[in-house]
Amino acid sequence: MTESAPITQDVLTIPRKLPEGPINLVGLTRDALRDTLIAHGTPEKQAKMRVNQIWQWIYQWGVRDFAAMTNLSKAYRAELAEKFVIELPEIVDRQVSADGTRKYLVRIAGGHEVETVYIPEEDRGTLCISSQVGCTLTCSFCHTGTQKLVRNLTAGEIIGQVMLARDDLDEWPKPGVGMGTDGPRLLSNIVLMGMGEPLYNFENVRDAMKIAMDGEGIALSRRRITLSTSGIVPEIHKTAQEIGCMLAVSFHATTDAVRDKLVPINRKWNIAALLDALRAYPKASNSERITFEYVMLKDVNDSDEDARRLVQLIKGIPAKINLIPFNEWPGAPHQRSDWDRIEKFADIIYKAGYASPIRTPRGEDIMAACGQLKSATERQRKSRREIEAEAGL
């Protein structure tokens, strides 16, 4: 077991200076888009109609050029093009795993980088998106946790990851073709399980997910969106009230002594406080179970006693337990539990009446598996430091 890590890294928050020039419309809520259009000359009586038109072009059809918005007058399109842009983060690297998983290295404003992962299934596809550059938490099993938090992503940078993945999958509907007429959606689910703690960037995550769920745009059901948190207790109730998506919790231990080391935020909100918040979660029901994510670490949290304690702890919470074989990365302080140990652990939980699927590792060959995300720039920077240290420089 590693030494206890600090609860969070020391972070200096510097107000972001908005870029000069045209305003990017991506990431604005409907209300914000309306206010922005009015502030830049759109007559107030026309604003609601214009919002609906522009919204559908951007989020339903994936259009980036105002000139292509053919139900707007040419004069108004020219006016929009002078004052606004429709811009997404930039894909600077794209890797495809042997199992079909796609990992995108995405560059955002300021030259920072985050990673986004698309995981294809037979009849659906899940996009794992990031909410922060780096992470303020220091979970010992997570590669992202070794990268300091740089800043929160904007709502536009969060929803932009969804849009650029749809670009890459060529999944925007074609003119004259309705949604869903060509079979299952390639991007059918979103999980906020990438870089960062979503509930430490609540407002931007909320606004981006409202855009994703809007029925006149990307139109994903709230049940197709899962937000994963390490246990930021004060924001859990707000998640149900203001986003309404499915909830997953990075649990990973059955005693405070172990969770303090694996998930240091536990020292601020311990297991009892977290479980109290989950029992009060308004959306929790048999049809909308809370997912407990539990990474399997050899000789750390994988004993029969841990399995039995876990069952007792979550009693009364509609839940399933998602067992995650630890995805190792260079320099990781833990090892993956043996497969027969994972299966024995799962069996104890299953016999207690809870679903206990073992997550199949995906994208390990391109460092795209759960807990492995870390920007290429930061990964390269750390490698250089290690090399210098080994050389005595």
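Above this note sits the structure.
Summary of the structure given here.

## Considering the overall build of the chain
Counting its secondary structure elements, the chain contains eleven helices and 13 strands. Taken across its 393 residues, the chain has 51% of its residues classed as buried. Long-range pairs, those at least 24 residues apart, make up 67% of the contacts in the chain with a sequence separation of at least 6. Just so you have it, the chain exposes about 17,900 Å², and 50% of that area is on carbon and sulfur atoms.

## Quick look at the nonpolar core
With 96 residues, the main nonpolar core has Met-209, Leu-278 and Phe-292 as its most contacted residues. By residue number, the principal contributor to this core is helix α4 (residues 155-169), which donates eight residues. Phe-292 has contacts with Val-249, Phe-251, Leu-275, Leu-278, Ile-314, Ile-317, Ala-319, Lys-320, Ile-321 and Asn-322, leaving out every residue within four places of it along the chain.

## Concerning helix α8 (residues 271-279)
All buried positions along α8 are accounted for by Ile-271, Leu-274, Leu-275, Ala-277 and Leu-278. All buried residues of α8 fall inside an arc of 155 degrees around its axis, so they share one side. Capping the start of α8 is the job of one residue whose side-chain oxygen sits 3.2 Å from the backbone nitrogen of Ala-272: Asn-270.

## Topic: the pattern of salt bridges
Tallying each qualifying case throughout the model produces 23 salt bridges. Across the pair Glu-44 and Arg-34 runs a salt bridge, and its minimum N-O distance is 3.7 Å. Of this pair, Glu-44 sits in helix α2 (residues 44-60) while Arg-34 is found in helix α1 (residues 30-39), placing the two residues ten residues apart along the sequence. A salt bridge links Lys-344 to Asp-304, with the nearest nitrogen and oxygen atoms 3.1 Å apart.

## As for the pairing of strand β6 (residues 125-128)
What you see with β6 is no split at all: Gly-125 and Leu-127 on one side and Thr-126 and Cys-128 on the other are buried throughout. Taking the residues that link successive antiparallel strands as the turn, the strand β5 (residues 113-120)-β6 hairpin has four residues. Pairing geometry for β6 and strand β9 (residues 189-192), over three bridges, is parallel. Each residue of the ladder has a partner; that of Thr-126, found in β9, is Asn-189.

## A look at the environment of Pro-282
Examined against the element boundaries, Pro-282 turns out to sit in the loop between α8 and β12 (290-296). Residues Pro-282 and Lys-238, spaced 44 residues apart in sequence, show a C-alpha to C-alpha distance of 9.7 Å. With sequence-adjacent residues up to four places away left out, Pro-282 is seen in contact with His-237, Ala-240 and Gln-241.

Reading the values: the criteria
Residues numbered from 1 in each chain as written. Predicted model: local features only at pLDDT ≥ 70, side-chain atom pairs only at ≥ 80, totals over all residues. Heavy atoms only, no water. Helix = DSSP H or I, 4+ residues; strand = E, 2+ residues; numbered from the N terminus. Buried < 20%, exposed > 50% of the residue type's maximum accessible area, 1.4 Å probe, protein only. Contact = heavy atoms within 4.5 Å. Areas by Shrake-Rupley, 256 points an atom, 1.4 Å probe, with all protein chains shown as cover. Core = buried A, V, L, I, M, F, W, Y, C linked by side-chain atoms within 4.5 Å. Arc of directions from axis to C-beta. Polar contact = N/O pair within 3.5 Å; in protein donor to acceptor, adjacent residues only side chain to side chain. Salt bridge = Lys/Arg side-chain N within 4 Å of Asp/Glu carboxyl O. Pairing = 2+ DSSP bridges.

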